[in-house]
Amino acid sequence: MGKFVLKDVFVEVDGTDLSNMASSATIGQPADEVEATGYGSDYRELLQGLKDGTITVAFFQDFANGSVHDVLNPLYESGDTFDIVIRPVKSTAVGPTNPEFQMTARLFDYSPLAGGVGEAATFDAAFRNASQDGITVVTA
Amino acid sequence: MNSYKVLGPKAIYGVEPGDTLERDLSPEQEERLVARGAIEPLEGNVPVEAGTVDRTPPTFTDPDGDGEDNNTNDGTGEDSPEEGASL
């Protein structure tokens, strides 16, 4: 698989396929930079510290029964953990060239309504890591 | 394995509305999905131990209906990543 255009990303939140309500997805997994420079050094030496995981998805809001608001609002209100799954191509099986990224997450912020006059109702949801597994890559 | 009727409007773990989902859900998740009308438990289900999470990817269904796996990389090459590798 070479360069590709994102057209069919799979977005599943708490088991619910919200792909057609998502317009962008970003998987972030920063690690702390831990200083380990000793005397006699010319360059800083950095170690990789604790890692973090955030999956940010831009959604179109939908208050229809069983849609975006019905999925996300209870997750935010309860603070429960849930699984979020992202895959580059929904219509292709999981594989080495179509890896699936899974994370046990919590939602700490939810903006049910955002946007100006004449704009589509959209919002960003930042799903934060909530387990010691971090973001797991599945290729089979 | 417990069974649920998917009520819609969204697919649940790859199972379209109207079809049957066979999956063990945690009590918390089952409660959420039932509460928003996404699934309906079928008879014979048994409670799943709290804290259990099934991380199995959803079942892939053949969109073309040709019986072929659309993924042309079978992962057997030298440079293929290790299965299940974590980042």
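Our structure is the block above this text.
Asker: Talk me through helix H1 (residues 68-78) of chain A; I want residue IDs and the actual numbers.
Answerer: Residue pairs three or four apart in sequence face the same way in an α-helix, which turns once every 3.6 residues. Residues and elements named next belong to chain A. Of the residues making up H1, those classed as buried are Val68, His69, Val71, Leu72 and Leu75. Take H1 and look down its axis: the buried residues cluster within an arc of 165°, on one side only. At the C-terminal side of H1, Gly79 shows a positive phi close to 75°.

Asker: Please set out the environment of Ala120(A) residue by residue, giving values where relevant.
Answerer: All names here are of chain A. Mapping Ala120 onto the fold places it in the loop between strand E8 (100-107) and strand E9 (122-129). Of the residues examined, Ala120 reaches a relative accessible area of 45% and is grouped as partly exposed. Along the sequence, Ala120 and Gln61 sit 59 residues apart, while their C-alpha atoms lie 8.4 Å from each other. Apart from the residues within four sequence positions on either side, Ala120 is in contact with Phe60 and Ala114.

Asker: Can you explain a nonpolar patch on the surface? Please cite residues and give values.
Answerer: All names here are of chain A. A contiguous nonpolar surface patch, about 350 Å² in accessible area, is contributed by Met1, Phe4 and Leu6. Tracing the backbone shows Phe4 in the segment before strand E1 (10-13). Under the relative-accessibility criterion, Phe4 is labelled partly exposed at 43%.

Asker: Can you lay out the packing of aromatic side chains for me, pointing to particular residues and giving the numbers?
Answerer: All names here are of chain A. Under the defined criterion, the tally for this structure stands at 4 aromatic pairs over all chains. Here the aromatic rings of Phe82 and Phe127 are separated by 5.8 Å at their centres, their planes lie at 80°, and the arrangement is edge-to-face. Of this pair, Phe82 sits in strand E7 (residues 82-87) while Phe127 is found in strand E9, placing the two residues 45 residues apart along the sequence. Summarising the burial analysis for this pair, Phe82 and Phe127 share the class buried. Measuring from ring centre to ring centre gives 5.4 Å for Tyr110 and Phe123, while their planes differ by 80°; the resulting arrangement is edge-to-face. Taken together, the residues span a long stretch of sequence, with Tyr110 in the loop between E8 and E9 and Phe123 in strand E9 at a distance of 13 residues. Of the residues examined, Phe123 reaches a relative accessible area of 5% and is grouped as buried. Here the aromatic residues Phe59, Phe82, Tyr110, Phe123 and Phe127 are joined through ring pairs into a cluster of three or more. Sitting over the face of the ring of Phe10, Arg87 holds its NZ or CZ atom 4.4 Å from the ring centroid.

Thresholds, definitions, all that
- Residues numbered from 1 in each chain as written.
- Chains lettered and ligands numbered in written order.
- Predicted model: local features only at pLDDT ≥ 70, side-chain atom pairs only at ≥ 80, totals over all residues.
- Heavy atoms only, no water.
- Buried < 20%, exposed > 50% of the residue type's maximum accessible area, 1.4 Å probe, protein only.
- Helix = DSSP H or I, 4+ residues; strand = E, 2+ residues; numbered from the N terminus.
- Arc of directions from axis to C-beta.
- Contact = heavy atoms within 4.5 Å.
- Patch = residues over 30% accessible without salt bridge, like charges linked within 9 Å, V, L, I, M, F, W, Y side chains within 5 Å.
- Areas by Shrake-Rupley, 256 points an atom, 1.4 Å probe, with all protein chains shown as cover.
- Salt bridge = Lys/Arg side-chain N within 4 Å of Asp/Glu carboxyl O.
- Phe/Tyr/Trp six-rings, centres within 6.5 Å; stacked < 30°, edge-to-face > 60°.
- Lys NZ or Arg CZ within 6 Å of the ring centre and 35° of its normal.

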